[in-house]
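Per-entry structural report
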Amino acid sequence: MQRTSFANFKCPVARALDSVGDWWSIMILRDAFQGLTRFDEFQKSLGVAPNILTRRLAHLVEAGLLQKRRYSDRPARHEYVLTEKGQDFFPVLMALFSWGRRHVPEEDLAFLLGDSASGKERHTKLVDVETGEELTPRNTCLLPGPAAAEGDRDRIARARTWYLGIYA
């Protein structure tokens, strides 16, 4: 099945999803943050069919999240390492992890987030860099960006009304 491309959408969420792809791609990125780099390591960890893994790795390389590097000439073998753009995916992965941590039954959790120095469990929240204030649906709204057209501005106004709890 051909997936829809969001490459030309003006929305940052849509463009980000176009870069990442699908759940297999997110799982590959998760594993890359855990130190996996080789095809067979990803395959063993995920249990995904080789043809699907090949396509997802190629997509992540094309999207600039992973870099393909040769580590053996005979036979030709490659590893996949996170690029700067790929490393920038870390907060997204942590947000997904944290959301899952809050909504998966305690007895089903095999992993927790921890402080690498102390070993204590970490608990996350999304905060504004300048104020340190936690971002919530009640205190956060969309603003028009440089590419916003009139329809976008109308949508932003409707969203702002919803965020503020004013249901017209």
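These notes cover the structure that comes with them.

Thresholds applied
- Residues numbered from 1 in each chain as written.
- Predicted model: local features only at pLDDT ≥ 70, side-chain atom pairs only at ≥ 80, totals over all residues.
- Heavy atoms only, no water.
- Helix = DSSP H or I, 4+ residues; strand = E, 2+ residues; numbered from the N terminus.
- Rg over C-alpha atoms; globule rule 2.2 N^0.38 Å.
- Buried < 20%, exposed > 50% of the residue type's maximum accessible area, 1.4 Å probe, protein only.
- Contact = heavy atoms within 4.5 Å.
- Areas by Shrake-Rupley, 256 points an atom, 1.4 Å probe, with all protein chains shown as cover.
- Pairing = 2+ DSSP bridges.
- Core = buried A, V, L, I, M, F, W, Y, C linked by side-chain atoms within 4.5 Å.
- Expected span 1.5 Å × (residues − 1).
- Arc of directions from axis to C-beta.
- Patch = residues over 30% accessible without salt bridge, like charges linked within 9 Å, V, L, I, M, F, W, Y side chains within 5 Å.
- Salt bridge = Lys/Arg side-chain N within 4 Å of Asp/Glu carboxyl O.
- Lys, Arg positive; Asp, Glu negative; His and termini not counted.
- Charge placed at Lys NZ, Arg CZ, Asp CG, Glu CD.

This brings us to the overall build of the protein. Tallying secondary structure elements over the protein gives 7 helices and 2 strands in all. In sequence order, the protein lays out its α and β elements as α-α-α-α-β-β-α-α-α. In summary, the protein has a C-alpha radius of gyration of 19 Å against a globular reference of 15 Å for 168 residues, an excess of more than 25%. C-alpha extents for the protein along the principal axes are approximately 65 × 40 × 30 Å. Per-residue burial over the protein gives 23% buried out of 168 residues. Sequence-distant contacts in the protein: of pairs separated by 6 or more residues, those separated by 24 or more amount to 36%. Put simply, the protein shows about 12,600 Å² of open surface, and 56% of that area lies on carbon and sulfur atoms.

The pairing of strand β1 (residues 66–72) with strand β2 (residues 77–82) spans 6 bridges and is antiparallel. Of the residues in β2, the one forming a bridge with serine 72 is arginine 77. If you look at the hairpin formed by β1 and β2, you'll find 4 residues sitting between the two strands.

Glancing now at the nonpolar core. When a protein is soluble and globular, its nonpolar side chains tend to lie buried together. In this structure, Ile28, Leu29, Phe42, Leu57 and Leu66 are the most contacted members of the largest nonpolar core, which totals 20 residues. Going through the elements one at a time, α2 (23–33), α3 (39–46), α4 (50–62), β2 and α6 (90–103) are the ones with two or more residues in this core. Excluding its chain neighbours within four sequence positions, the residues that come into contact with leucine 66 are Ile28, Leu29, Ala32, Leu57, Leu60, Val61, Tyr80, Val81, Leu82 and Thr83.

Look at α6: 20 Å from first C-alpha to last across 14 residues, which is about the 20 Å you get at 1.5 Å a residue. All of the buried residues in α6 are Leu93, Met94, Ser98, Gly100 and Arg101. Down the axis, α6 shows its buried residues gathered within 160° of arc, on one side only. Away from the buried face of α6 by more than 90 degrees, exposed residues Pro91, Trp99, Arg102 and His103 are located.

Before going further, it helps to spend a moment on helix α1 (residues 12–20). Residues Ala14, Asp18, Ser19 and Val20 constitute the buried set of α1. Looking at the buried positions of α1, the neighbouring elements they touch are α2, α4 and α5 (84–87). After α1 finishes, the residue glycine 21 shows a positive phi value of roughly 105°.

A cluster of like negative charges, contributed by Asp128, Glu130, Glu133 and Glu134, occupies part of the molecular surface. Tracing the sequence through the fold places glutamate 133 in the loop between α6 and α7 (150–163). Taking the relative accessible area as the measure of exposure, glutamate 133 reaches 45% and is therefore partly exposed.

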